[in-house]
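Chain residues, written in single-letter form:
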Amino acid sequence: MANRPLQLTLNGQSVGPVDIPDDLPMIDYLHEYKNLTGSRLGCGQGICHACVVIVDNPDGTSEEVRTCITGAHYFEGKKVRTIEGHATRDEQGQVIELNPIQQRFVDEFAFQCSYCAPGFVNAATVLVEKLQRQPTVHSKLEQVIEDSLGHHVCRCTGYVRYYNATRNVLTDLGLVKEG
């Protein structure tokens, strides 16, 4: 298989162009070329969503993309965030502050083994960003959370804690209105 160049923005930093195989999955690029191992290879079939990253679209929206079934070249020219890109870091690269979703997940012990946690953090991040543009009403909150997190698989059955932490962070951030 031939190589071709890949250039993207990864966690706010311009990357590439770097020659990589045409058929390289994004999860392998992140792990093997960038040493970003937070996105997890779970099922390898796009079902569990442990591998998702966030793609920031030009219109200001964001979306989850599964990296185990998506080739790295799909991300050409795109802005991509991995789980490693959420926390605030100092000049030495040390984490000095978690983002509100990460902090709430930690505070509420939302995970057990944490293998699926990066996917859930990314899903909740996309949800927060969506609701920052247009908050939801309280009567639709449970469905909004289910629509955002429901496709993620947690083998430890941590769903209740993930959902509670997400519900609480949305409320904390003022993204749920009466109605």
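This structure is a prediction, so every number in the text was calculated from the model and none was measured.

## Considering the side chain of Gln102
Mapped onto the elements, Gln102 comes out in helix 2 (residues 100-107). By relative accessible area, Gln102 is classed as buried at 12%. When residues no more than four places from it in sequence are discounted, the contact partners of Gln102 are Ile83, His86, Ala87 and Val121.

## Here's the deal with the sheet that holds strand 2 (residues 13-21)
Here five strands make up an open sheet; going across it, the order is 2-1-5-3-4 and the pairing mixed. For this open sheet the edge positions go to strand 2 and strand 4 (62-65), each flanked by a neighbour on one side alone. Neighbour to neighbour, the strand axes of the sheet diverge by 40° on average, direction disregarded.

## Some details on the packing of helix 3 (residues 117-133) against helix 4 (residues 141-149)
It is at 9 Å that the axes of helix 3 and helix 4 come closest, and there the two elements cross at 135°. Compared by their axis directions, helix 3 and helix 4 come out oblique. Pair helix 3 / helix 4 crosses with right-handed handedness. Across the interface between the two elements, Phe120, Ala123, Ala124, Leu127 and Leu131 from helix 3 touch Val144, Ile145, Ser148 and Leu149 from helix 4. By residue class, the composition of the contact of helix 3 with helix 4 is eight nonpolar, one polar and no charged.

## Re the pattern of salt bridges
With the rule as written, the count across this model stands at six salt bridges. Two residues, Arg104 and Glu108, come together in a salt bridge whose shortest N-O distance is 2.8 Å. A salt bridge links Arg104 to Asp172; its shortest N-O distance comes to 2.1 Å. Within this pair, whereas Arg104 is found in helix 2, its partner Asp172 is found in helix 5 (residues 159-172), the two being separated by 68 residues in sequence. Among the ionic contacts, a cluster of salt bridges with common partners joins Asp56, Arg81 and Glu129.

## Details of the state of the cysteines
Within the structure shown, the criterion is met by zero disulfides. Distance from the sulfur of Cys116, which forms no disulfide, to the nearest cysteine sulfur (Cys154) is 3.7 Å. For Cys156, which is in no disulfide, the shortest distance to another cysteine sulfur is to Cys113 and amounts to 3.7 Å.

## Some thoughts on the packing of aromatic side chains
Scanning the entire structure with this criterion turns up five aromatic pairs. Seen from their ring centres, Phe120 and Tyr162 are 3.9 Å apart, and the 5° between their planes marks the pair as stacked. Remark: Tyr162 occurs in helix 5 and Phe120 occurs in helix 3; sequence separation between them is 42 residues. Considered together, Phe120 and Tyr162 belong to a single accessibility category, that of buried residues. Taken together through their ring pairs, the aromatic side chains of Phe105, Phe120, Tyr159 and Tyr162 make up a single cluster. Over the aromatic face of Tyr115 sits the side chain of Arg40, whose NZ or CZ is 5.3 Å from the ring centroid. It is Lys78 that lies over the ring of Tyr74; its NZ or CZ is 4.8 Å from the centre.

Definitions and limits used
- Residues numbered from 1 in each chain as written.
- Predicted model: local features only at pLDDT ≥ 70, side-chain atom pairs only at ≥ 80, totals over all residues.
- Heavy atoms only, no water.
- Helix = DSSP H or I, 4+ residues; strand = E, 2+ residues; numbered from the N terminus.
- Buried < 20%, exposed > 50% of the residue type's maximum accessible area, 1.4 Å probe, protein only.
- Contact = heavy atoms within 4.5 Å.
- Pairing = 2+ DSSP bridges.
- Axes fitted to C-alpha atoms, helices over the stretch in contact; angles between N-to-C directions.
- Parallel < 35°, antiparallel > 145°, perpendicular 65-115°, else oblique.
- Left-handed = near helix turned anticlockwise from the far one by under 90°.
- Nonpolar A, V, L, I, M, F, W, Y, C, P; charged D, E, K, R; others polar.
- Salt bridge = Lys/Arg side-chain N within 4 Å of Asp/Glu carboxyl O.
- Disulfide = S-S within 2.5 Å.
- Phe/Tyr/Trp six-rings, centres within 6.5 Å; stacked < 30°, edge-to-face > 60°.
- Lys NZ or Arg CZ within 6 Å of the ring centre and 35° of its normal.

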